[in-house]
Each structure stands twice: as C-alpha cells, then as structure tokens.
Amino acid sequence: MNGGVFQTRLPVRDYDLAATVDCGQAFRWRETGSGWEGVIGARWVRLSKDADSIAAETSAEPGDWRWLADYLQADLDLAAVLATFPDDEPLRQSIAACRGLRLLRQEPWECLASFILSSTKQIVQIRQIVELLCTRFGTPLEVPVDARFAHAFPTAARLALASEADLRACKMGFRAPNLLAAARAVDSGQLDLAAVGQGTVDAAREQLMQLPGVGPKIANCVLLFAYGYQQAFPVDVWVMKALRQLYFPKRRPKPERLRRFVSSYFGPNAGYAQQYLFHYMRTRE
DNA sequence: CACCAGGGTACCT
DNA sequence: AGGTACCATGGT
C-alpha cells in the first residue's frame, strides 16, 4: 500500500541526527542517500538534517506531528544539559567528539523488548533480530514502494501468542523465553508499562527488574531511553571500559565502589553523560 | 579460528 | 558481597 506523502520541518539547534539515531539506543534506523529511514510507532518515517532543522516525511496521516518532536526531543535545550556534566577531561573529550548527540524518547514496550534482545549482542545483530521479529509479527505499514521497513514493531499482545520456538526462529537464542515472559506480563496487565513511568526511578527500576532477563543494565536503558529518567546510568561493556580507563586507570575498583561512583558523580543528567561516554569509546579508533 | 558482543542468572567462595 | 561458567548466535 502506498499512502500520501506528508512533510514537516522541525527547527533544531545542536542536533547531530546521524549520531543520535545510529548510536545504539534505537535499532530501526537505516541510512539512505538523503538521510535516515525508520519507524516510529505505526508510522514509517524519513528524516534528513540541514543547517537549522530536521526535515521529516511520512506516508501515514501525521496529525499534529507532536509524536515526532517528542520522539526526537527536538525542543530539549542540549546546552543546558551538557552544562550539568562534571567538568572533567573524559567528558570534555566526549562532547568535543560529538557535539549534537541526543537521547530519543522511545515507546516503552519497543524499548523494553529490544533491550531484552540486546544482551551480549553486537548492535548490528540486535538490528537484525529486531527486523526479523518485526517482519514476522509486526503489523504492515503504509510505506513508499522503495521503503526498507514495512512493519510496525510487534505488540506485546501479538508476541504473547507466539511460541518460544517461533521467537527462537528470529535468531534470539536464549533470550526467547525472556521476551515471551515480558510480552505475557505486559499483555496480561501484570506489568503496567504506563504506570511504571509514574513513580520514582528506583520504584520503576524495581518493577522492570521483576522480569526474567531484565537486570540493572537493561532496566536502566528502558528508564533512560523510554521514560526519560535522566539519572539512569546503564553500564554495558563499553561504559565499563570508559569507567576503568578514563576514571580509574590505575586501580581495579570493586563493583560496590563503581556503583557508588556512578550514582553520585555524574549529576542529574548522568544518563546523558553515559551516552556521550558510550559513543566516545565506540568511535575513537 | 579464537574472541567478543549496549547481560542475567545460578552457584560457588 | 565478589567472582565465574553458562546461556545462543553471528561479526570481526
């Protein structure tokens, strides 16, 4: 199916679109000749950046476009966020390496499910697994004929009906029972994802970590990338590398020491600092 | 071919 | 509490 073409333009400052959609927080963006193509909710989207705005195009009725500005966090004052970072050399270097890197505001279910699939997987593989899942279980979308994406991310209700073998066929291996358990918890109402975002960050984290296969790292990703708890600080292998090499170069800090450090040192936007360190570690050499 | 990947868990000490 | 093997699969 081929709907109309709807376009808009969001004025932005300090916005590195490529780094933002391609830095491992979301898994359904691909570079095209003129920009980036992806899916937000039930809409196929193409984005491109010019000097002072992001141009957007979609093939489904866009309404007031608020969903897009919200997803892209187009109205966030990035300079004010960066100003809250501790003034240290690693963060100065990280900011210098990528000045317009942003955090997106993703839909909680897609974010939770995607990060359940992320454990000990490279980002390229996570993308591949997610696309298999979407192609097999996602609702078809209105898209242009040459679109690379043609399906929405599958709902929890749809995945709750799948078998573990169906999910394993999407190459997710031992993560399949975890995704299935999450889908069933959300579909049954046992886990209310809308309510999770209402409480404190610690209460929200505790609820997410009730799920099998969701520990502190994955929970913190969801808290940060979907709910906007900016103090959430996911520590994956890259961020651990950054902490060891850049902040504890000599000694070998114990886990408890590291936990105290990350929960007190980086300030109210610790999650943003984390994303800058993550991107910096992955892109230097 | 080894080694590693946006980890979590069970099971040791 | 801190360390470790194991889980499934593919990229580099």
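Values in this document were obtained by computation on a predicted structure and should not be read as measured data.

Gaps left between atoms show up when a probe the size of a water molecule is rolled over them. Within the structure shown, the criterion is met by two cavities of 30 Å³ or more. By volume, the largest cavity amounts to about 60 Å³. Forming the boundary of the largest cavity are Gln 73, Leu 103, Leu 104, Arg 105, Leu 224, Gly 228, Gln 230 and Tyr 272. When the residues that make up the lining of the largest cavity are grouped by side-chain class, the tally is four nonpolar, three polar and one charged. Space inside the second largest cavity adds up to approximately 40 Å³. For the second largest cavity, the full set of lining residues is Gln 25, Ala 26, Phe 27, Arg 28, Gln 106, Glu 110, Cys 111, Ser 114 and Phe 115.

Right, let's get into the side chain of Arg 127. Mapped onto the secondary structure, Arg 127 falls in helix H6 (residues 123-137). When its relative accessible area of 15% is taken as the criterion, Arg 127 is described as buried. Leaving out residues up to four positions away in the same chain, Arg 127 has contacts with Asp 22, Phe 27, Trp 29 and Arg 30.

This part takes up the packing of helix H13 (residues 237-247) against helix H14 (residues 255-264). At a minimum axis separation of 12 Å, H13 and H14 run at an interaxial angle of 90 degrees. Comparing their axes, H14 and H13 come out roughly perpendicular. Contact residues: Met 240, Leu 243, Arg 244 and Tyr 247 in H13; Leu 258, Phe 261 and Val 262 in H14. Taken together, the residues that form the contact of H13 with H14 break down as six nonpolar, no polar and one charged.

Let us now look at the nonpolar core. Counting 77 residues, the largest nonpolar core has Trp 109, Leu 133, Leu 167, Leu 179 and Phe 266 as its most contacted members. Two domains each donate at least three residues to this core, and these are domain 1 (6-75) and domain 2 (108-225). Counting 21 residues, the second-largest nonpolar core is a separate cluster that includes Ala 26, Trp 36, Ile 40 and Trp 67.

Attention shifts here to the protein's contact with DNA strand B. In the vicinity of DNA strand B there are 30 residues, among which Gly 24, Gln 122, Ile 123, Gln 274 and Gln 275 approach most closely. In DNA strand B, atoms within 4 Å of the protein come from the sugar-phosphate backbone in 60% of cases. With respect to DNA strand B, the backbone of Gly 213 contributes an N or O atom lying 3.2 Å from a phosphate oxygen. Between Gln 275 and DNA strand B, the recorded distance is 2.7 Å, taken from a side-chain N or O atom to a base oxygen. Elements with a minimum of two residues in the surface near DNA strand B: H6, helix H12 (216-225), H13 and helix H15 (270-283).

For helix H9 (residues 176-188), which comprises 13 residues, the first-to-last C-alpha distance of 18 Å matches the rise-based estimate of 18 Å (1.5 Å per residue) to within 8%. Residues of H9 that are buried: Ala 176, Asn 178, Leu 179, Leu 180, Ala 182, Ala 183, Ala 185 and Val 186. Elements in contact with the buried residues of H9: helix H5 (108-116), H6, helix H7 (156-160), helix H8 (164-168) and helix H10 (193-196). Backbone geometry just downstream of H9 places Gly 189 in the positive-phi region, at approximately 90 degrees.

A few words now on the domain arrangement of chain A. Under the domain assignment used here, chain A contains domain 1 (6-75) and domain 2 (108-225). Relative to domain 2, the C-alpha centre of domain 1 lies at a distance of 22 Å. Contacts between domain 1 and domain 2 engage 17 residues on the former and 20 residues on the latter. When the two sides are added together, the surface that domain 1 and domain 2 hide from each other amounts to roughly 1,700 Å², 58% of it contributed by carbon and sulfur.

This part is about the sheet that holds strand S3 (residues 35-40). In space, the five strands of this open sheet follow the order S1-S5-S4-S3-S2, with antiparallel pairing throughout. Edge positions in the sheet fall to strand S1 (6-11) and strand S2 (29-32), since each of these pairs with one other strand and no more. Adjacent strand axes in the sheet meet at a mean angle of 25 degrees, parallel and antiparallel pairs treated alike. Across five bridges, strand S4 (residues 43-49) lies against strand S5 (residues 53-58) in antiparallel orientation. From the neighbouring strand, Ser 48 faces S5, where its bridge partner is Ala 55.

In the neighbourhood of DNA strand C, 13 residues make up the surrounding shell, with Lys 121, Gln 122, Gln 125, Phe 174 and Arg 175 lying closest. When atoms of DNA strand C within 4 Å of the protein are split into backbone and base, the sugar-phosphate part holds 63%. Phe 174 is positioned with one of its backbone polar atoms (N or O) 3.1 Å from a sugar or linking oxygen of DNA strand C. The side chain of Arg 175 places a nitrogen or oxygen atom 3.5 Å from a base nitrogen of DNA strand C. Residue assignment for the surface near DNA strand C shows that the elements contributing at least two residues are H6 and H14. Here the surface near DNA strand C takes three residues from H14, the largest share from any one element. Residues of the surface near DNA strand C, tallied by class, amount to three nonpolar, four polar and six charged.

Conventions and cut-offs
- Residues numbered from 1 in each chain as written.
- Chains lettered and ligands numbered in written order.
- Predicted model: local features only at pLDDT ≥ 70, side-chain atom pairs only at ≥ 80, totals over all residues.
- Heavy atoms only, no water.
- 1 Å grid on protein atoms, 1.4 Å probe; cavity = no way out; pocket = protein on both sides within 12 Å on 5 of 7 lines; lining within 4 Å.
- Points joined across faces, edges and corners; volume = space filled by probe spheres on them.
- Nonpolar A, V, L, I, M, F, W, Y, C, P; charged D, E, K, R; others polar.
- Helix = DSSP H or I, 4+ residues; strand = E, 2+ residues; numbered from the N terminus.
- Buried < 20%, exposed > 50% of the residue type's maximum accessible area, 1.4 Å probe, protein only.
- Contact = heavy atoms within 4.5 Å.
- Axes fitted to C-alpha atoms, helices over the stretch in contact; angles between N-to-C directions.
- Parallel < 35°, antiparallel > 145°, perpendicular 65-115°, else oblique.
- Core = buried A, V, L, I, M, F, W, Y, C linked by side-chain atoms within 4.5 Å.
- Domains from an automatic or database assignment.
- Near = heavy atom within 4 Å.
- Polar contact = N/O pair within 3.5 Å; in protein donor to acceptor, adjacent residues only side chain to side chain.
- Expected span 1.5 Å × (residues − 1).
- Buried area = accessible area lost by both parts, 1.4 Å probe.
- Pairing = 2+ DSSP bridges.

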